[in-house]
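Now for the letters of each chain:
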Amino acid sequence: MSTASADTIAVAPDPKGAAPPRAPRRISFNPRQSGIYVAFALIVVLFSILTGGALLEPQNISNLIVQNSYVLILAIGMILIIIAGHIDLSAGSVVALTGAISAVLMVNAGMAWPLALLITLAVGAVIGAWQGYWVAYFGIPAFIVTLAGMLIFRALTLTVLGNQGIGPFPDAVRTLANGFTGGYLGNIGLGPLGGADLISLLVGVLAIGGAIFSQWRKRTARLNYLQEVDPFPMFLLKIAAAAAVVLFVVVQLARYKNLPWVLILLSVLVIGYSLVTTRAVFGRHIYAIGGNLQAATLSGVKVKAVTFWIFVNMGVLSAIAGVIVAGRLNQAGPTAGNMFELDAIAAAFIGGAAVQGGVGKVVGAITGGLIMGVINNGMSLIGAPTESVNLVKGFVLLAAVAYDIWTKRRARTAA
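Below, the structure is looked at part by part. Just so it is clear, the model here is predicted, and its values are computed rather than measured. Within each chain, residues carry numbers counting from 1 in the order of the written sequence. This being a predicted model, a pLDDT of at least 70 is required before a residue's local features are given, and a value of 80 or more before pairs of side-chain atoms are given or counted; all residues contribute to the totals for chains, interfaces and linings. Hydrogens and waters are ignored; side-chain quantities use all the structure's heavy atoms.

### Considerations on unusual backbone geometry
Right, so step 1: For the bond from Gly167 to Pro168, the omega torsion is -5°, close enough to zero to count as cis.
Right, so step 2: Mapped onto the elements of the fold, Pro168 is located in the loop between helix 6 (142–161) and helix 7 (171–178).
Right, so step 3: Not every positive phi belongs to a glycine, and Asn258 is a case in point at roughly 75°.
Right, so step 4: You can see Asn258 is positioned in the loop between helix 9 (232–256) and helix 10 (261–279). Under the DSSP-based scheme used, a helix requires at least four consecutive residues in state H or I and a strand at least two consecutive residues in state E, with every element numbered from the N terminus.

Quick look at the structure:
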(Lines give C-alpha, C1' and ligand atoms only; values in the text may rest on other atoms or scores of the structure.)
Protein backbone atom coordinates (compact mmCIF):
# COMPACT_ATOMS: atom_id res chain seq x y z
CA MET A 1 0.00 0.00 0.00
CA SER A 2 1.34 3.43 -0.98
CA THR A 3 1.88 6.20 1.51
CA ALA A 4 1.53 9.94 0.88
CA SER A 5 3.89 12.59 2.21
CA ALA A 6 2.77 15.97 3.40
CA ASP A 7 3.37 17.48 -0.06
CA THR A 8 2.47 14.66 -2.45
CA ILE A 9 -0.75 12.73 -2.80
CA ALA A 10 -0.42 9.11 -3.90
CA VAL A 11 -3.07 8.14 -6.44
CA ALA A 12 -3.61 4.68 -7.83
CA PRO A 13 -3.07 4.48 -11.60
CA ASP A 14 -6.15 4.51 -13.77
CA PRO A 15 -6.98 1.02 -15.07
CA LYS A 16 -7.31 2.46 -18.58
CA GLY A 17 -3.78 3.77 -18.44
CA ALA A 18 -4.58 7.45 -17.85
CA ALA A 19 -2.04 9.42 -15.87
CA PRO A 20 -3.02 10.15 -12.26
CA PRO A 21 -3.92 13.75 -11.44
CA ARG A 22 -1.08 15.79 -10.12
CA ALA A 23 -1.19 17.46 -6.74
CA PRO A 24 -0.53 21.16 -6.44
CA ARG A 25 3.19 21.73 -6.15
CA ARG A 26 4.72 22.66 -2.82
CA ILE A 27 5.15 26.31 -1.99
CA SER A 28 8.30 27.62 -3.63
CA PHE A 29 9.85 30.89 -4.78
CA ASN A 30 11.10 31.33 -8.32
CA PRO A 31 13.74 34.07 -8.06
CA ARG A 32 13.89 34.64 -11.80
CA GLN A 33 10.15 35.17 -12.25
CA SER A 34 9.18 36.76 -8.95
CA GLY A 35 12.38 38.55 -7.94
CA ILE A 36 11.54 41.68 -9.95
CA TYR A 37 8.26 42.18 -8.10
CA VAL A 38 9.90 41.71 -4.72
CA ALA A 39 12.61 44.20 -5.71
CA PHE A 40 9.98 46.70 -6.85
CA ALA A 41 8.13 46.39 -3.54
CA LEU A 42 11.35 46.89 -1.57
CA ILE A 43 12.31 49.96 -3.63
CA VAL A 44 8.86 51.50 -3.07
CA VAL A 45 9.07 50.85 0.67
CA LEU A 46 12.59 52.29 0.83
CA PHE A 47 11.72 55.54 -0.92
CA SER A 48 8.45 55.83 1.00
CA ILE A 49 10.49 55.86 4.20
CA LEU A 50 13.15 58.21 2.83
CA THR A 51 10.53 60.69 1.55
CA GLY A 52 8.38 60.53 4.67
CA GLY A 53 5.48 59.02 2.74
CA ALA A 54 5.48 61.68 0.00
CA LEU A 55 6.17 59.03 -2.65
CA LEU A 56 2.73 57.47 -2.15
CA GLU A 57 0.74 60.69 -1.95
CA PRO A 58 -2.14 60.88 -4.49
CA GLN A 59 -0.63 63.73 -6.52
CA ASN A 60 2.80 62.11 -6.66
CA ILE A 61 1.43 58.74 -7.81
CA SER A 62 -0.49 60.53 -10.56
CA ASN A 63 2.62 62.45 -11.61
CA LEU A 64 4.67 59.26 -11.55
CA ILE A 65 2.33 57.58 -14.03
CA VAL A 66 1.96 60.57 -16.36
CA GLN A 67 5.67 61.43 -16.39
CA ASN A 68 6.78 57.88 -17.17
CA SER A 69 4.05 56.93 -19.62
CA TYR A 70 6.29 57.32 -22.66
CA VAL A 71 8.92 54.96 -21.23
CA LEU A 72 6.29 52.34 -20.44
CA ILE A 73 4.83 52.53 -23.96
CA LEU A 74 8.28 52.20 -25.53
CA ALA A 75 9.13 49.36 -23.13
CA ILE A 76 6.20 47.31 -24.50
CA GLY A 77 7.63 47.43 -28.00
CA MET A 78 11.21 47.06 -26.82
CA ILE A 79 10.51 43.88 -24.86
CA LEU A 80 9.21 42.18 -28.01
CA ILE A 81 12.33 43.14 -29.93
CA ILE A 82 14.63 41.98 -27.13
CA ILE A 83 12.73 38.69 -26.74
CA ALA A 84 13.39 38.07 -30.44
CA GLY A 85 17.10 38.66 -29.84
CA HIS A 86 17.40 42.17 -31.30
CA ILE A 87 17.74 45.73 -30.02
CA ASP A 88 16.44 49.15 -31.07
CA LEU A 89 18.61 52.22 -30.47
CA SER A 90 16.52 54.56 -32.60
CA ALA A 91 13.31 54.72 -30.53
CA GLY A 92 14.09 58.11 -28.98
CA SER A 93 14.83 59.68 -32.36
CA VAL A 94 11.63 58.21 -33.80
CA VAL A 95 9.72 59.71 -30.87
CA ALA A 96 11.19 63.13 -31.73
CA LEU A 97 10.51 62.82 -35.47
CA THR A 98 6.93 61.62 -35.14
CA GLY A 99 6.20 64.28 -32.54
CA ALA A 100 7.58 66.89 -34.94
CA ILE A 101 5.47 65.58 -37.82
CA SER A 102 2.32 65.62 -35.68
CA ALA A 103 3.08 69.24 -34.73
CA VAL A 104 3.52 70.30 -38.34
CA LEU A 105 0.23 68.64 -39.30
CA MET A 106 -1.86 69.83 -36.34
CA VAL A 107 -0.36 73.24 -35.65
CA ASN A 108 1.17 74.54 -38.88
CA ALA A 109 -1.18 72.87 -41.37
CA GLY A 110 -4.26 73.10 -39.14
CA MET A 111 -5.23 69.51 -39.86
CA ALA A 112 -7.89 67.85 -37.68
CA TRP A 113 -6.14 66.01 -34.87
CA PRO A 114 -7.67 62.54 -35.55
CA LEU A 115 -6.43 62.58 -39.17
CA ALA A 116 -3.06 63.99 -38.14
CA LEU A 117 -2.74 61.27 -35.51
CA LEU A 118 -3.45 58.52 -38.06
CA ILE A 119 -0.87 59.96 -40.45
CA THR A 120 1.68 60.16 -37.63
CA LEU A 121 1.09 56.51 -36.72
CA ALA A 122 1.46 55.59 -40.40
CA VAL A 123 4.78 57.43 -40.51
CA GLY A 124 5.90 55.45 -37.45
CA ALA A 125 4.91 52.22 -39.20
CA VAL A 126 6.88 53.21 -42.33
CA ILE A 127 9.93 53.99 -40.20
CA GLY A 128 9.61 50.61 -38.50
CA ALA A 129 9.18 48.89 -41.88
CA TRP A 130 12.32 50.62 -43.18
CA GLN A 131 14.40 49.34 -40.28
CA GLY A 132 12.69 45.95 -40.24
CA TYR A 133 13.55 45.41 -43.91
CA TRP A 134 17.26 45.93 -43.37
CA VAL A 135 17.29 43.66 -40.31
CA ALA A 136 14.97 40.88 -41.48
CA TYR A 137 15.49 40.67 -45.23
CA PHE A 138 18.91 42.22 -45.82
CA GLY A 139 20.52 40.64 -42.78
CA ILE A 140 22.17 43.69 -41.21
CA PRO A 141 22.35 43.40 -37.39
CA ALA A 142 19.66 45.40 -35.63
CA PHE A 143 22.29 47.20 -33.55
CA ILE A 144 23.81 48.75 -36.71
CA VAL A 145 20.51 49.48 -38.43
CA THR A 146 18.95 51.21 -35.45
CA LEU A 147 22.18 53.05 -34.59
CA ALA A 148 22.09 54.48 -38.10
CA GLY A 149 18.38 55.19 -37.62
CA MET A 150 19.10 57.07 -34.40
CA LEU A 151 21.31 59.50 -36.36
CA ILE A 152 19.11 59.69 -39.46
CA PHE A 153 15.82 60.33 -37.68
CA ARG A 154 17.36 62.88 -35.33
CA ALA A 155 18.69 64.75 -38.36
CA LEU A 156 15.26 64.60 -40.00
CA THR A 157 13.71 65.96 -36.80
CA LEU A 158 16.00 69.00 -36.96
CA THR A 159 15.12 69.39 -40.63
CA VAL A 160 11.37 69.27 -39.99
CA LEU A 161 11.44 71.64 -37.02
CA GLY A 162 14.15 73.97 -38.25
CA ASN A 163 15.82 73.81 -34.83
CA GLN A 164 12.82 75.37 -33.09
CA GLY A 165 9.77 74.14 -31.19
CA ILE A 166 6.24 74.02 -32.63
CA GLY A 167 3.11 74.39 -30.49
CA PRO A 168 0.64 74.64 -28.88
CA PHE A 169 -1.21 71.40 -29.54
CA PRO A 170 -5.00 70.91 -29.73
CA ASP A 171 -6.83 70.42 -26.44
CA ALA A 172 -7.66 66.77 -27.25
CA VAL A 173 -3.99 65.83 -27.61
CA ARG A 174 -3.03 67.66 -24.43
CA THR A 175 -5.88 65.93 -22.61
CA LEU A 176 -4.63 62.53 -23.76
CA ALA A 177 -1.15 63.31 -22.46
CA ASN A 178 -1.98 65.25 -19.30
CA GLY A 179 -5.73 65.02 -18.75
CA PHE A 180 -7.94 62.99 -16.43
CA THR A 181 -11.31 61.30 -16.71
CA GLY A 182 -14.30 63.38 -15.63
CA GLY A 183 -16.20 62.78 -12.41
CA TYR A 184 -19.42 61.73 -14.14
CA LEU A 185 -21.04 60.20 -11.04
CA GLY A 186 -19.50 62.52 -8.48
CA ASN A 187 -17.46 61.62 -5.42
CA ILE A 188 -18.01 59.10 -2.68
CA GLY A 189 -16.84 59.55 0.90
CA LEU A 190 -14.00 57.33 2.14
CA GLY A 191 -13.98 58.40 5.76
CA PRO A 192 -10.63 59.84 6.84
CA LEU A 193 -9.36 59.59 3.24
CA GLY A 194 -11.91 62.16 2.10
CA GLY A 195 -13.79 62.07 -1.20
CA ALA A 196 -12.89 59.94 -4.20
CA ASP A 197 -14.25 59.73 -7.74
CA LEU A 198 -16.84 56.96 -7.99
CA ILE A 199 -16.14 56.14 -11.65
CA SER A 200 -12.44 55.62 -10.93
CA LEU A 201 -13.25 53.31 -8.03
CA LEU A 202 -15.69 51.29 -10.16
CA VAL A 203 -13.09 50.94 -12.91
CA GLY A 204 -10.57 49.71 -10.35
CA VAL A 205 -13.01 47.15 -8.92
CA LEU A 206 -13.87 45.90 -12.42
CA ALA A 207 -10.17 45.61 -13.28
CA ILE A 208 -9.51 43.59 -10.13
CA GLY A 209 -12.50 41.36 -10.84
CA GLY A 210 -11.34 40.75 -14.40
CA ALA A 211 -7.82 39.88 -13.25
CA ILE A 212 -9.14 37.43 -10.63
CA PHE A 213 -11.39 35.77 -13.20
CA SER A 214 -8.51 35.48 -15.68
CA GLN A 215 -6.16 33.96 -13.11
CA TRP A 216 -8.84 31.54 -11.93
CA ARG A 217 -9.44 30.36 -15.51
CA LYS A 218 -5.70 29.96 -16.03
CA ARG A 219 -5.36 27.89 -12.87
CA THR A 220 -8.36 25.72 -13.79
CA ALA A 221 -7.00 25.11 -17.28
CA ARG A 222 -3.62 24.05 -15.91
CA LEU A 223 -5.29 21.65 -13.51
CA ASN A 224 -7.36 20.17 -16.33
CA TYR A 225 -4.15 19.51 -18.26
CA LEU A 226 -2.60 17.90 -15.16
CA GLN A 227 -0.01 20.65 -14.80
CA GLU A 228 1.45 21.81 -11.52
CA VAL A 229 -0.05 24.90 -9.91
CA ASP A 230 0.48 26.85 -6.72
CA PRO A 231 -1.28 25.52 -3.62
CA PHE A 232 -4.65 27.21 -3.23
CA PRO A 233 -3.61 29.30 -0.18
CA MET A 234 -0.60 30.64 -2.11
CA PHE A 235 -2.83 31.34 -5.11
CA LEU A 236 -5.21 33.35 -2.90
CA LEU A 237 -2.29 35.21 -1.30
CA LYS A 238 -0.88 36.30 -4.67
CA ILE A 239 -4.30 37.40 -5.89
CA ALA A 240 -4.99 39.33 -2.67
CA ALA A 241 -1.60 41.06 -2.78
CA ALA A 242 -2.02 42.15 -6.42
CA ALA A 243 -5.60 43.30 -5.78
CA ALA A 244 -4.49 45.33 -2.75
CA VAL A 245 -1.80 47.13 -4.77
CA VAL A 246 -4.19 47.94 -7.65
CA LEU A 247 -6.91 49.10 -5.26
CA PHE A 248 -4.48 51.33 -3.34
CA VAL A 249 -3.26 53.01 -6.55
CA VAL A 250 -6.81 53.50 -7.85
CA VAL A 251 -8.02 54.98 -4.56
CA GLN A 252 -5.09 57.42 -4.50
CA LEU A 253 -5.76 58.46 -8.10
CA ALA A 254 -9.49 58.81 -7.38
CA ARG A 255 -8.67 61.12 -4.47
CA TYR A 256 -6.59 63.42 -6.69
CA LYS A 257 -7.90 64.10 -10.22
CA ASN A 258 -9.32 60.72 -11.21
CA LEU A 259 -7.70 58.32 -13.69
CA PRO A 260 -5.19 59.79 -16.19
CA TRP A 261 -6.24 59.13 -19.78
CA VAL A 262 -2.72 57.99 -20.57
CA LEU A 263 -3.09 55.31 -17.88
CA ILE A 264 -6.21 53.99 -19.62
CA LEU A 265 -4.32 53.93 -22.93
CA LEU A 266 -1.40 52.17 -21.28
CA SER A 267 -3.71 49.60 -19.65
CA VAL A 268 -5.26 48.76 -23.03
CA LEU A 269 -1.80 48.32 -24.55
CA VAL A 270 -0.57 46.13 -21.68
CA ILE A 271 -3.62 43.86 -21.82
CA GLY A 272 -3.52 43.62 -25.61
CA TYR A 273 0.19 42.87 -25.88
CA SER A 274 0.06 40.45 -22.95
CA LEU A 275 -2.60 38.49 -24.82
CA VAL A 276 -0.52 38.58 -28.01
CA THR A 277 2.59 37.26 -26.28
CA THR A 278 0.83 34.56 -24.25
CA ARG A 279 -2.10 33.45 -26.41
CA ALA A 280 -1.37 34.32 -30.06
CA VAL A 281 0.74 32.27 -32.46
CA PHE A 282 2.66 35.41 -33.42
CA GLY A 283 3.76 35.85 -29.81
CA ARG A 284 4.92 32.26 -29.53
CA HIS A 285 6.94 32.71 -32.71
CA ILE A 286 8.71 35.73 -31.18
CA TYR A 287 9.78 33.61 -28.20
CA ALA A 288 10.80 30.76 -30.50
CA ILE A 289 13.04 33.04 -32.58
CA GLY A 290 14.77 34.47 -29.52
CA GLY A 291 15.05 31.10 -27.79
CA ASN A 292 16.59 29.17 -30.67
CA LEU A 293 16.70 30.75 -34.12
CA GLN A 294 17.78 27.61 -35.94
CA ALA A 295 15.10 25.46 -34.30
CA ALA A 296 12.46 28.09 -35.06
CA THR A 297 13.48 28.15 -38.70
CA LEU A 298 13.38 24.36 -38.97
CA SER A 299 9.98 24.35 -37.26
CA GLY A 300 8.49 26.48 -40.02
CA VAL A 301 8.43 29.84 -38.24
CA LYS A 302 8.56 32.68 -40.75
CA VAL A 303 11.50 34.32 -39.05
CA LYS A 304 11.94 37.18 -41.51
CA ALA A 305 8.27 38.16 -41.47
CA VAL A 306 8.04 38.06 -37.67
CA THR A 307 11.22 40.14 -37.32
CA PHE A 308 9.93 42.66 -39.86
CA TRP A 309 6.59 43.11 -38.05
CA ILE A 310 8.05 43.57 -34.58
CA PHE A 311 10.04 46.52 -35.93
CA VAL A 312 6.91 47.92 -37.59
CA ASN A 313 5.19 47.57 -34.22
CA MET A 314 8.05 49.39 -32.50
CA GLY A 315 7.70 52.25 -34.96
CA VAL A 316 3.98 52.60 -34.27
CA LEU A 317 4.46 52.56 -30.49
CA SER A 318 7.25 55.12 -30.83
CA ALA A 319 4.84 57.34 -32.77
CA ILE A 320 2.25 57.01 -29.99
CA ALA A 321 4.90 57.95 -27.45
CA GLY A 322 5.99 60.84 -29.67
CA VAL A 323 2.49 62.34 -29.75
CA ILE A 324 2.11 61.89 -25.98
CA VAL A 325 5.46 63.53 -25.22
CA ALA A 326 4.68 66.46 -27.53
CA GLY A 327 1.19 66.81 -26.07
CA ARG A 328 2.50 66.71 -22.52
CA LEU A 329 5.05 69.46 -23.22
CA ASN A 330 2.52 71.21 -25.50
CA GLN A 331 5.35 71.57 -27.97
CA ALA A 332 7.41 69.44 -30.33
CA GLY A 333 11.07 70.21 -29.77
CA PRO A 334 14.30 69.12 -31.51
CA THR A 335 15.68 67.53 -28.31
CA ALA A 336 12.54 65.49 -27.52
CA GLY A 337 13.09 61.78 -27.00
CA ASN A 338 16.74 62.17 -26.04
CA MET A 339 17.92 58.96 -24.30
CA PHE A 340 14.38 57.53 -24.31
CA GLU A 341 15.59 54.35 -26.02
CA LEU A 342 18.03 53.69 -23.20
CA ASP A 343 15.27 54.07 -20.61
CA ALA A 344 13.10 51.58 -22.55
CA ILE A 345 15.96 49.11 -22.91
CA ALA A 346 16.78 49.41 -19.22
CA ALA A 347 13.11 48.86 -18.33
CA ALA A 348 13.03 45.66 -20.41
CA PHE A 349 16.20 44.21 -18.87
CA ILE A 350 15.35 45.25 -15.32
CA GLY A 351 11.94 43.68 -15.90
CA GLY A 352 13.44 40.26 -16.57
CA ALA A 353 14.32 40.15 -20.27
CA ALA A 354 17.29 37.91 -21.07
CA VAL A 355 20.30 39.33 -22.87
CA GLN A 356 20.33 36.37 -25.29
CA GLY A 357 16.61 36.71 -26.06
CA GLY A 358 13.76 34.24 -25.67
CA VAL A 359 12.75 35.41 -22.18
CA GLY A 360 10.65 38.33 -21.00
CA LYS A 361 7.13 39.51 -20.26
CA VAL A 362 5.20 42.68 -21.03
CA VAL A 363 4.20 43.04 -17.38
CA GLY A 364 7.85 42.61 -16.40
CA ALA A 365 8.91 45.43 -18.73
CA ILE A 366 6.21 47.67 -17.25
CA THR A 367 7.47 46.81 -13.77
CA GLY A 368 11.03 47.60 -14.84
CA GLY A 369 9.89 50.96 -16.19
CA LEU A 370 8.10 51.72 -12.94
CA ILE A 371 11.24 50.85 -10.98
CA MET A 372 13.18 53.40 -13.05
CA GLY A 373 10.38 55.92 -12.52
CA VAL A 374 10.27 55.38 -8.75
CA ILE A 375 14.04 55.81 -8.53
CA ASN A 376 13.88 59.06 -10.54
CA ASN A 377 10.93 60.37 -8.58
CA GLY A 378 12.10 59.25 -5.15
CA MET A 379 15.59 60.68 -5.51
CA SER A 380 14.12 63.91 -6.82
CA LEU A 381 11.91 64.16 -3.75
CA ILE A 382 14.88 63.76 -1.42
CA GLY A 383 16.86 66.35 -3.40
CA ALA A 384 19.50 64.05 -4.87
CA PRO A 385 21.59 65.52 -7.72
CA THR A 386 21.28 64.22 -11.29
CA GLU A 387 24.62 62.40 -11.16
CA SER A 388 23.45 60.40 -8.13
CA VAL A 389 20.24 59.42 -9.92
CA ASN A 390 22.17 58.18 -12.97
CA LEU A 391 24.61 56.36 -10.70
CA VAL A 392 21.83 54.45 -8.94
CA LYS A 393 20.02 53.65 -12.21
CA GLY A 394 23.25 52.35 -13.71
CA PHE A 395 23.91 50.04 -10.78
CA VAL A 396 20.30 48.81 -10.81
CA LEU A 397 20.56 47.92 -14.52
CA LEU A 398 23.91 46.17 -14.01
CA ALA A 399 22.51 44.25 -11.03
CA ALA A 400 19.44 43.16 -13.02
CA VAL A 401 21.50 41.72 -15.89
CA ALA A 402 24.01 40.13 -13.50
CA TYR A 403 21.09 38.56 -11.61
CA ASP A 404 19.69 37.12 -14.83
CA ILE A 405 23.03 35.57 -15.75
CA TRP A 406 23.52 34.22 -12.22
CA THR A 407 20.11 32.51 -12.15
CA LYS A 408 20.83 30.89 -15.53
CA ARG A 409 24.15 29.53 -14.34
CA ARG A 410 22.54 28.29 -11.15
CA ALA A 411 19.80 26.52 -13.13
CA ARG A 412 22.37 24.82 -15.40
CA THR A 413 24.42 23.72 -12.39
CA ALA A 414 21.33 22.30 -10.66
CA ALA A 415 20.39 20.40 -13.81
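### Observations concerning the pattern of salt bridges
Right, so step 1: Throughout this description, the term salt bridge denotes a Lys or Arg side-chain nitrogen within 4 Å of a carboxyl oxygen of Asp or Glu. Under the counting rule described, the total for this entry stands at three salt bridges.
Right, so step 2: Two residues, Asp230 and Lys238, come together in a salt bridge whose shortest N-O distance is 2.8 Å.
Right, so step 3: Among the ionic pairs, Asp343 bridges to Lys393, the shortest N-O distance being 3.8 Å. Of the two residues, Asp343 sits in helix 14 (residues 340–350) while Lys393 sits in helix 16 (residues 386–414), which places them 50 residues apart along the sequence.

### Considerations on the environment of Ala142
Right, so step 1: Counting through the fold element by element, Ala142 comes out in helix 6.
Right, so step 2: Look at Ala142 and you get buried, because its relative accessible area is 6%.
Right, so step 3: In this structure the C-alpha to C-alpha distance between Ala142 and Thr307, which are 165 residues apart in sequence, comes to 10 Å.
Right, so step 4: Contacts are residue-level and defined by heavy atoms, with any inter-residue pair within 4.5 Å sufficient. What Ala142 contacts, discounting residues up to four positions off in sequence, is His86, Ile87, Val135, Leu147 and Phe311. When a residue's accessible area, from a 1.4 Å probe over protein chains only, is under 20% of the maximum for its type it is buried; when over 50% it is exposed; and in between it is partly exposed.

### Observations concerning a nonpolar patch on the surface
Right, so step 1: Excluding any residue in a salt bridge, patches collect residues exceeding 30% relative accessible area, merging like charges within 9 Å and nonpolar Val, Leu, Ile, Met, Phe, Trp and Tyr side chains within 5 Å. Only the protein chains shown count as cover for residues, and all accessible areas are computed by the Shrake-Rupley method using a 1.4 Å probe. On the surface, a nonpolar cluster with roughly 600 Å² of combined accessible area is contributed by Tyr184, Leu185, Leu202, Trp261, Ile264 and Val268.
Right, so step 2: Sort the elements by how many residues they give to the nonpolar patch and helix 10 lands first, with three residues.
Right, so step 3: Turning to its location among the elements, Trp261 is positioned in helix 10.

### With respect to the environment of Phe340
Right, so step 1: Position of Phe340 relative to the elements: it lies in helix 14.
Right, so step 2: Residue Phe340 is classed as buried on the basis of its relative accessible area, which comes to 11%.
Right, so step 3: Considering only alpha carbons, one finds Phe340 and Ala354, 14 residues apart in sequence, at a separation of 20 Å.

Geometric values such as these leave the question of function open.
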